[in-house]
Amino acid sequence: MILTKLAKQPRICHLARCYTVPSSTSQPEPSKNAPASAVTKSKEKPKRKKRKYNIKKVLDEFRTLSENAFEPVQLTQAEVMPAEARRNEVNIEMLPKSLYQKIFGCDEGQPLSANKIKQAREHLEKHELLEKVDPPLPEINFPLPPLQGQNIEDHFLKISEEQCGAYRTLMKKLTSATVPDIPSTWSTSVGWTKYMTGRPPEAVPFPDEDCLVFDIEECMGAGLGPTLAVAFAPDAWYCWVSAPLAQVLQGGGIPPSKDDFSPLDLINLETAPDCEIIPPEGSKPKVIVAHNASFDRARVKEQYWLEPSQTRFVDTMSMHICVSGVSSFQKSQLLHKSVANNEEDSILQINVPHGEEWRERSSLNNLNDVHKLYCGGKGLDKSTRDIFVTGTLLDVAMKFQESVSYCASDVRATLEVAQKLWPLFLERFPHPATFAGMLEMSAAYLPVSEAWTKYIAASNNKFEEIEVQIKNTLCAAARQACSLLREEKYKNDPWLWDLDWSVQELKLKKSATKGADTEWDEEDRNDPSAGKFKYLAAQRAFMPARVPLLPGYPAWYRDLCTRSDSTDWVPGPTEISPSMQVTPKLLRLSWEGFPLHKVKGQGWGFLIPGRPPSHLDETDDVAPPVDEIFKICKKYAAVIPDIQLSTNEIADEVERKISKADYFAAKKKKEKGITPPEWYKGTGLPCPDVALPGVWFQRMPHPGGAQLKVGNPLSKDFITRISEGTLRGEGEPGQVLDLSNTGSYWKNNRERIETQKVVWLNNNALPKGIRKNYKLGAILPQIVVAGTLTRRAVERTWLTASNAESQRIGSELRAMVHAPPGYHLVGADVDSQELWLAALLGDASYAGVHGATAFGWRTLQGKKSLGTDLHSATAKAAGASRQHAKIMNYARIYGAGQNFAQQLLKRFCPDMSEEQCRKAAVNTLTLTKGKRMYTIPAKAFKALFEKNLVTAEHKSNDKVFCTSLGVKFGTINEAGTVLIVLCNYRISDI
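Every value quoted in this text rests on a predicted model; they were computed, and no experiment measured them. (Residues numbered from 1 in each chain as written. Predicted model: local features only at pLDDT ≥ 70, side-chain atom pairs only at ≥ 80, totals over all residues. Heavy atoms only, no water.)

(A) Structural context of a nonpolar patch on the surface. Together, Ile254, Leu394 and Met398 make up a nonpolar patch on the protein surface, roughly 320 Å² of accessible area in all. Position of Met398 relative to the elements: it lies in helix α12 (residues 393-398). Looking at Met398, the relative accessible area reads 64%, which means it is exposed. (Patch = residues over 30% accessible without salt bridge, like charges linked within 9 Å, V, L, I, M, F, W, Y side chains within 5 Å. Areas by Shrake-Rupley, 256 points an atom, 1.4 Å probe, with all protein chains shown as cover. Salt bridge = Lys/Arg side-chain N within 4 Å of Asp/Glu carboxyl O. Helix = DSSP H or I, 4+ residues; strand = E, 2+ residues; numbered from the N terminus. Buried < 20%, exposed > 50% of the residue type's maximum accessible area, 1.4 Å probe, protein only.)

(B) Structural detail: the sheet that holds strand β10 (residues 446-448). Sheet architecture is open: three strands sit in the order β10-β18-β17, paired in antiparallel fashion. One side of each edge strand has no neighbouring strand; the edge strands of this open sheet are β10 and β17 (758-760). Averaged over all adjacent pairs, the angle separating strand axes in this sheet is 30°, with direction ignored. (Pairing = 2+ DSSP bridges. Axes fitted to C-alpha atoms, helices over the stretch in contact; angles between N-to-C directions.)

(C) Broad picture of the pattern of salt bridges. For the structure on display, the rule yields 15 salt bridges. Between Glu488 and Lys491 there is a salt bridge, and its shortest N-O distance comes to 3.0 Å.

(D) Spatial organisation of the sheet that holds strand β12 (residues 594-599). Strand order across the open sheet formed by six strands is β14-β15-β13-β12-β11-β16, with antiparallel pairing between neighbours. The sheet terminates laterally at β14 (685-686) and β16 (727-729), the two strands that pair on one side only. For strand β11 (residues 589-591) and β16, the ladder comprises three bridges, and the chain directions are antiparallel. Note on β16: the bridge partner recorded for Trp591 is Leu727.

(E) Representation of the environment of Arg558 in the model. Looking at where Arg558 falls in the secondary structure, it is placed in helix α18 (residues 555-558). Classification of Arg558 as buried rests on a relative accessible area of 12%. Along the primary structure Arg558 and Gly572 are separated by 14 residues, whereas in three dimensions their C-alpha atoms are 9.2 Å apart. When near neighbours in sequence (up to four residues on either side) are disregarded, Arg558 contacts Ser502, Val503, Gln504, Leu549, Leu550 and Tyr553. (Contact = heavy atoms within 4.5 Å.)

(F) Spotlight on the nonpolar core. If you look at the biggest cluster of nonpolar residues, it comprises 71 residues, and the most contacted ones within it are Trp452, Trp556 and Leu586. No other element matches the 12 residues that helix α15 (residues 451-482) contributes to this core. Ranked by size, the runner-up nonpolar core spans 59 residues in total, among them Val230, Val370, Trp422 and Val785. (Core = buried A, V, L, I, M, F, W, Y, C linked by side-chain atoms within 4.5 Å.)

(G) A look at the packing of aromatic side chains. Going through the model one piece at a time under the given rule, you end up with 17 aromatic pairs. Plain terms: the ring middles of Trp192 and Tyr238 are 6.2 Å apart, the flat faces sit at 85° to each other, and that makes the pair edge-to-face. With Trp192 in strand β3 (residues 191-195) and Tyr238 in strand β7 (residues 236-241), this pair connects stretches of sequence that are 46 residues apart. Taking relative accessible area as the criterion, Trp192 reaches 2% and is therefore assigned buried. (Phe/Tyr/Trp six-rings, centres within 6.5 Å; stacked < 30°, edge-to-face > 60°.)

(H) Quick look at the side chain of Arg558. Asp500 provides the closest opposite charge to the buried, unpaired Arg558, separated from it by 6.1 Å. At 3.4 Å, the side chain of Arg558 forms a polar contact with the backbone oxygen of Ser502. (Lys, Arg positive; Asp, Glu negative; His and termini not counted. Polar contact = N/O pair within 3.5 Å; in protein donor to acceptor, adjacent residues only side chain to side chain.)

(I) Spatial organisation of unusual backbone geometry. Its identity as a non-glycine residue notwithstanding, Asn292 has a phi of 60°, on the positive side. Exposure remark for Asn292: the relative accessible area of 28% places this residue in the partly exposed category. At Glu488, a residue that is not glycine, the phi angle is positive and equals roughly 55°. As for its position among the elements, Glu488 is in the loop between α15 and α16 (522-525). With relative accessibility at 41%, the residue Glu488 sits in the partly exposed group.

(J) The packing of α15 against helix α24 (residues 735-754), seen in detail. Where α15 contacts α24, the two axes come as close as 9 Å, and the packing angle between them is 140°. Between α15 and α24, the interaxial angle falls into the category oblique. For the crossing formed where α15 meets α24, the hand is left-handed. Within the contact between the two elements, α15 uses Trp452, Tyr455, Ile456, Ser459, Asn460, Phe463, Ile466, Gln469, Ile470, Thr473 and Leu474 and α24 uses Val736, Leu739, Ser740, Thr742, Gly743, Trp746, Lys747, Arg750, Ile753 and Glu754. A per-class count over the contact of α15 with α24 returns 11 nonpolar, seven polar and three charged. (Parallel < 35°, antiparallel > 145°, perpendicular 65-115°, else oblique. Left-handed = near helix turned anticlockwise from the far one by under 90°. Nonpolar A, V, L, I, M, F, W, Y, C, P; charged D, E, K, R; others polar.)

That is the geometry; function is a separate question.
Now the structure itself:
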């Protein structure tokens, strides 16, 4: 929703950038869930008096402006409700003819294939979708602004070329340049120095070229901002030295670190060092090329100004990911190889295994590996980098020439990479909209106010209060648990039965030590009641030389305490923390209603009562209190007595369902009595090697996969399970789970939020109307504009920020983006754009008609109310809720397969067995994705028969073909063509 009057030609942008759309209203209060989207500027001075918004009046104003901006059109009833809607060959309602002609012109598209249309209709009839024709939608023939071309395709081509054409020209100029030699000596003067071949170094206010390759080095331990920078232009080198470094180079002391920065502390690339606003003549298009450009951009002065600069940053790392990126799994393989070779070389050049050819065409994302991939060579010398990572400003000054030359070598390597990558990028992505989008995303800008510092302080205070409350609750739970030592009550506790309850006794000497001090201290000697307890002082003479820690307390409790002779000693279990192994037991945590238990080598799991006795049971003195565990699991008590099965019954059931090899493995487990009960339908993972008397031990499922063990049930991986109720606590100690959930967001994100680089603008850089009473800062998000193989932007904090929740500390992060007075946040979103794009691509490939596939039809025309939309169909196939099906659909179009869908279903529906989850996952993928099928030519199929690799058998009226492995792989269709359906094997298998 837009709560402001729009100009006739507003400037449109993305993430919270400042643009000039006039506003006549005052600044609205930011919503907690307000998206960081765009900022629009007003020409009028901000009004101090608050104004209540009248939505009807705002809409009327917007309608009036729309009428002034475009030609008003009088719509007749016939135009609003046409007599007959336009439909395509599969009954999908299309755009009205008038709108179609405005958008697509006279282009009627390519002629359609009759066979493909027939195939699409048969496909939709199979899914019972073809005949479901909805009433026509009302036609709204609203006026469109004139297109910049003959049709929508020309329009976007021209406007994207207008946005990035100048920058593409500058990139061509820069990548065509010849790299001169790196200067052998660098000036130590503060600010910029220009180096040209055949000329002496020259001090300049800033590089005035319109295209640069740029690299910044910052001494991380100094806390003083950027330390030095090197830039290359087609005919010159530039070096920038910070004022603190120049001070050290001239023999002065090291300045103290800073917490707050202003733009004047950063590097100037467009204006003089002391300039704080854009000059009257404005800025001109300028291209800065860097590797991981968001790091360098965050240290450039002009990028923090309220008025936007026309300088754009081009990231060679993002271009590399676009052209030669790898998946997360492939990246882990490259990292593994790099570590195994004890070097950073991650590109395999020789002896590439079959199927691993991708290693020759990609690399990790760091500059060293990317340079080797595109330019060859042995790699860059990165030894000097440690000076900036672990050294001080004095270390940099002592190796100044070496440090600047290192930075310059990175600049040259970045240019060489750009010269190789730029043609590949244009070949891969010829449409200018891709480059325009990357440039615009790289200009992200988040304005903040004083509320930012208050938000961090308040979140820290509240989090510390919760930490203290958690600590006190855990200490109280530990003290209370010690009471179970009496009469060995701990043996009947479902959680604490296996702790070390051994105690140390205080053994007094038989005779008093000679010369022992048996008198009271001076302070206590004057106490009137001291005489009554004088005999206690006499006992000092019988104490041993070293008094044991907390005699009479159990060993597990003593591990939580410190000795009284330490300087910071505090009585009680002060060492306890949520990460300790005893904590889940003290909190009496349960998973799906079963008490948690930890087994060495298996991690955390839970105990299910009712396992029959076996001769392989562990024979420890302490056994699980089965009766008490039964009481906790009341909801299972009714079915537990009926689970006693004989070995013969189990064998018969197993033999009917699984293969011979699996049969003997399962039979061995059954003889141990370890196979989990059939009535249990939860998410636990069986552990056949653990044999506890009377109980089954099941491992907790790790979010990272079944192969991983759970080391701490209170870690961030299980926060969602706490809110779901799958993981919960018993009694008052269980409240710690709620407190942990409250502090989880801040605990996991505090470091990233506190380290956001906020640059506070000086008063001179602010509009005159707000200079006296407003503090404005800005954050430049560290966005990798194409950080994944699918070219999605990646940023660790802002792009993953969740909506605000009142019970989670710090979750209101997005609401801390405040538009300054006179500006407004403007949000825009495309609903379900990923599914729409997937549907359009699938339909175009299948038959060239909208809605030709069931996936496309359900996305374009399906109705939630009728259960024909994609999410409802997936929910029905998977046996899950529509909300869960929605998650599965989005996961699938991002590349998730059957295994991931199976894991999601097991999490969403704990009562489903593994086999039910597998079948539901297969059904879901078959319904929404189909099966991969190949056609085998007749000659090849005949050859398979001749080599006895394929046999034919009849099943009903169909002929089924099987491989030599006994796997069904295809059937004959009506035309006599063999369709090969690949399931869990490769073509090479047959």
